[in-house]
Amino acid sequence: MAAGPMVKAEAVYKSFGRLEVLRGIDLEVAPREVMCVIGPSGSGKSTFLRCINHLEKIDAGRLYVDGELVGYTQRGDRLYELPDREVCRKRSEIGMVFQRFNLFPHMTALENVIEAPLHVKGEGRSAAAERGRKLLERVGLAEKMDAYPNQLSGGQQQRVAIARALAMQPKLMLFDEPTSALDPELVGEVLDVMRGLAADGMTMIVVTHEMGFAREAGDTLVFMDGGVIVEAGKPRDVLANPSHERTRLFLSKVL
Amino acid sequence: MTEIASGPSSSQGGRRPEAIKAVPVRHRWRWVSAALVLLFAFGAIYTVATAPLLRWQTFSEYLFQGLIFDGIRLTLVLTVAAMVIGIVLGIVLAVMRLSPNPVMSALAWFYIWFFRGTPVLVQIFFWFNLAIILPYVGVGGFRVSTNLLITAVMAAIFGLGFNEAAYMAEIVRAGIISVEHGQTEAAQALGMTRLQVMRRIVLPQAMRVIIPPTGNETISMLKTTSLAFVASVPELFTRADQIGNFNFRYVELLFVASFWYLLMTSVLTVGQYYLERYFARGAARELPPTPFQRFRRLLFTYRMPLPAAEPAVPVTSEHR
């Protein structure tokens, strides 16, 4: 394919105060690729995800989404910060799903889903509601359109959150440990929705501890530790024959 | 079967044990203290009611007097107008204060510092005497005397409202901060601008925290309007004060004013209670009982029979 990578990171660095969280991340995610990122907590995987839609600013290196710099424009060899409006527009093209769902508790499931299409994209109410209903059907929540988040189980809330992100018709979906806050019996329903998305050709970066999902649905698996990518490759290879001692050690604890 | 195993299994399959019927703890001292409190209360009322120098006739004469009613009306107008200014400006200031724009946040900080730091009385007086500093307002040939533009009532509304805004700003800010940060992040990730996040996501959720102290402020404002007397605004207190000066029945007239203040704050208290209940919906699984419900429960709790001791599982011949 002639199309360039959907996400491209070149030597990305990020610190919080004195703590260096990302220490030179290089990677590429092709369109339609599903990349799973694993690693111990504090390895920087969530931070890297948040850099991609500019919820965090990177300190050094370059980060591109769909060929465009994240958060900046380059003219000559000088970088210019993007104005808020532009940052918002670019974020609206990237869907994000959070560990703790972060649904808006004062809105029903359907209102959560159509909030951004109405107020960010300026879609008409009836068209947005129509599409919102279809999305909620797609994640298996046709019956729960008018339920408030606190009336839904964790798994149902996370599926609403996925529908909410999809409502903006993103070209890239970021998942930040989407099943880590769920009861074990509810994990499957969320992973099923994500598998469906992957099968439909969505470009996805998934930070996860679900090795089964990574093995079946992932095209690439990245193991991060200490702010660097230790190892990357085909999920089966990495999981079965890790080439680094650090990866082997991590996998021996989680598998 | 061992004994341990037979214990739970027999009660699971068998009948539900009888509901507990116990004699409640007697609270004798509650009754004694209640009697003492009532005694003191009665004594206090008796003393005030029979005070030889108080003329209760004057009190009842002026309680429903037209001038007093005019004062009440104006007091309500001042309260509503000042609170509207306070709430709207307070929200604006709170959002400015939390803005990443340093000019905005510094401006809001300065406003709050100044208006919270000077007495309301002085602020009302300042607006009333604005002409001393600014005799005319206008551009070019079109000029209006400040004294014509700012009436006494307006001076009071400005003084009270702008002062209130400083307090409301802090209340709103506390409400905004109380909303979980994940909400802002989720909204930003959807591409919403800072103002959209505030208006659509954060402020509606902050309301639950903002409402109770705002009710408090409104009740406080109702009585603070009496400071408008420095601008000779004929609200309730000023009226009572004027009549008292005229007929030398000062204490009686202050009682009249206090009676109406108490009545109005009582109405507001009830209103606040139900407003809070309304905003608690969705957050709490079960609403707490209203005072009326609690009162009924208190009255009937001593006599109410305990739940009937019928077994939940119908007794079948097998169990017998």
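Residues numbered from 1 in each chain as written. Chains lettered and ligands numbered in written order. Predicted model: local features only at pLDDT ≥ 70, side-chain atom pairs only at ≥ 80, totals over all residues. Heavy atoms only, no water.

## Things to note about the overall build of chain B
In step 1: Check the secondary structure of chain B and you find 14 helices and two strands.
In step 2: Expressed as a percentage of the 320 residues in chain B, the buried residues total 32%.
In step 3: Residue pairs at least 24 apart in sequence account for 74% of intrachain contacts in chain B once pairs closer than 6 positions are excluded.
In step 4: When the accessible surface of chain B is totalled, it reaches about 20,700 Å², and 68% of it is carbon and sulfur. (Helix = DSSP H or I, 4+ residues; strand = E, 2+ residues; numbered from the N terminus. Buried < 20%, exposed > 50% of the residue type's maximum accessible area, 1.4 Å probe, protein only. Contact = heavy atoms within 4.5 Å. Areas by Shrake-Rupley, 256 points an atom, 1.4 Å probe, with all protein chains shown as cover.)

## A word on the packing of helix H5 (residues 154-166) of chain A against helix H6 (residues 184-199) of chain A
Residues and elements named next belong to chain A.
In step 1: Where H5 contacts H6, the axes come no closer than 8 Å and their chain directions differ by 20°. In terms of their interaxial angle, H5 and H6 are classed as roughly parallel. Seen from above, H5 lies across H6 with right-handed handedness. Between H5 and H6, the contacting residues are Gly154, Gly155, Gln156, Gln158, Arg159, Ile162 and Leu166 on the first element and Leu186, Glu189, Val190, Val193, Met194 and Leu197 on the second. (Axes fitted to C-alpha atoms, helices over the stretch in contact; angles between N-to-C directions. Parallel < 35°, antiparallel > 145°, perpendicular 65-115°, else oblique. Left-handed = near helix turned anticlockwise from the far one by under 90°.)

## Observations regarding the domain arrangement of chain B
Often, the extent of an interface is quoted as the loss of accessible area on bringing the components together.
Residues and elements named next belong to chain B.
In step 1: According to the domain assignment, chain B consists of domain 1 (76-233) and domain 2 (236-273).
In step 2: A combined buried area of about 900 Å² lies between domain 1 and domain 2, and 77% of that area is made up of carbon and sulfur atoms.
In step 3: Between domain 1 and domain 2 we count zero salt bridges in total.
In step 4: For the interface between domain 1 and domain 2, the tally reads two residue pairs in polar contact (both at pLDDT 80 or more).
In step 5: Here the element with the most residues in the side of domain 1 that touches domain 2 is helix H11 (residues 194-224); it accounts for seven residues.
In step 6: The residue makeup of the side of domain 1 that touches domain 2, split by class, is six nonpolar, four polar and one charged. (Domains from an automatic or database assignment. Buried area = accessible area lost by both parts, 1.4 Å probe. Salt bridge = Lys/Arg side-chain N within 4 Å of Asp/Glu carboxyl O. Polar contact = N/O pair within 3.5 Å; in protein donor to acceptor, adjacent residues only side chain to side chain. Nonpolar A, V, L, I, M, F, W, Y, C, P; charged D, E, K, R; others polar.)

## Digging into the environment of B:Trp31
In step 1: Here B:Trp31 is to be found in helix H2 (residues 28-49).
In step 2: The class of B:Trp31 is exposed, set by a relative accessible area of 61%.

## A look at the packing of aromatic side chains
For any pair of aromatic rings, the description rests on two quantities: the centre-to-centre distance and the angle between the ring planes.
All names here are of chain B.
In step 1: For the coordinates displayed, the defined rule picks out 20 aromatic pairs over all chains.
In step 2: Aromatic side chains Phe110 and Trp113 sit 5.6 Å apart centroid to centroid with 40° between the ring planes, which places their arrangement in the tilted category. With a gap of three residues between them, Phe110 and Trp113 both fall in helix H5 (residues 102-117), about one helical turn apart.
In step 3: Geometrically, the ring pair formed by Phe114 and Phe115 is edge-to-face, given 5.5 Å between the ring centres and 80° between the ring planes.
In step 4: On the basis of relative accessibility, which here comes to 37%, the residue Phe114 falls in the partly exposed class.
In step 5: Judged by relative accessible area, Phe115 falls into the buried class, the value being 15%. (Phe/Tyr/Trp six-rings, centres within 6.5 Å; stacked < 30°, edge-to-face > 60°.)

## Points about unusual backbone geometry
Where the residue is not glycine, phi is negative for most of them; where a peptide bond is considered, it is trans in most cases.
All names here are of chain A.
In step 1: Residues other than glycine seldom take positive phi values, yet His54 does so here, at roughly 65°.
In step 2: Mapped onto the fold, His54 is located in the loop between helix H1 (45-52) and strand S4 (60-65).
In step 3: Even without glycine at this site, Asp66 takes up a positive phi of about 55°.
In step 4: Following the sequence through the fold, Asp66 ends up in the loop between S4 and strand S5 (68-69).
In step 5: The class of Asp66 is partly exposed, set by a relative accessible area of 41%.

## Here we look at the nonpolar core
In step 1: In this structure, A:Ile52, A:Leu63, A:Leu172 and A:Ile205 are the most contacted members of the largest nonpolar core, which totals 64 residues.
In step 2: When residues of this core are assigned to their parent elements, the largest contribution, eight residues, is made by H11(B).
In step 3: For A:Ile52, the residues in contact, after removing those within four places along its chain, are A:Val7, A:Leu63, A:Val65, A:Val70, A:Ile94, A:Leu172, A:Leu174 and A:Ile205.
In step 4: One finds A:Leu118, A:Ala147, A:Leu197 and A:Phe213 within the second-largest nonpolar core, a separate group that totals 51 residues. (Core = buried A, V, L, I, M, F, W, Y, C linked by side-chain atoms within 4.5 Å.)

## Quick look at the pattern of salt bridges
All names here are of chain A.
In step 1: Under the criterion given, the structure shown has 24 salt bridges over all chains.
In step 2: Where Arg133 meets Glu130, a salt bridge forms, and the shortest distance between an N and an O atom there is 3.7 Å. On the criterion of helical spacing, the pair formed by Arg133 and Glu130 is a turn pair, its members being three residues apart in helix H4 (residues 125-138).
In step 3: Three or more residues are tied together by salt bridges with common partners; here these are Asp66, Glu86, Arg89, Glu93 and Lys171.

## Digging into a nonpolar patch on the surface
In step 1: On the surface, B:Trp29, B:Val32, B:Leu36, B:Leu39 and B:Phe40 cluster together into a nonpolar patch covering about 630 Å² of accessible area.
In step 2: Within the element layout of this structure, B:Trp29 appears in helix H2. (Patch = residues over 30% accessible without salt bridge, like charges linked within 9 Å, V, L, I, M, F, W, Y side chains within 5 Å.)

## Focus on the packing of helix H4 (residues 66-97) of chain B against helix H12 (residues 236-247) of chain B
All names here are of chain B.
In step 1: One can describe the packing of H4 onto H12 by two numbers: an axis separation of 7 Å at closest approach and a directional angle of 155°. As far as their axial angle goes, H12 and H4 are roughly antiparallel. Note on element contacts: H12 touches H4 through Leu236, Arg239, Ala240 and Ile243, opposite Leu67, Ile68, Asp70, Gly71, Ile72 and Thr75.
In step 2: Split into classes, the residues belonging to the contact of H4 with H12 amount to six nonpolar, two polar and two charged.

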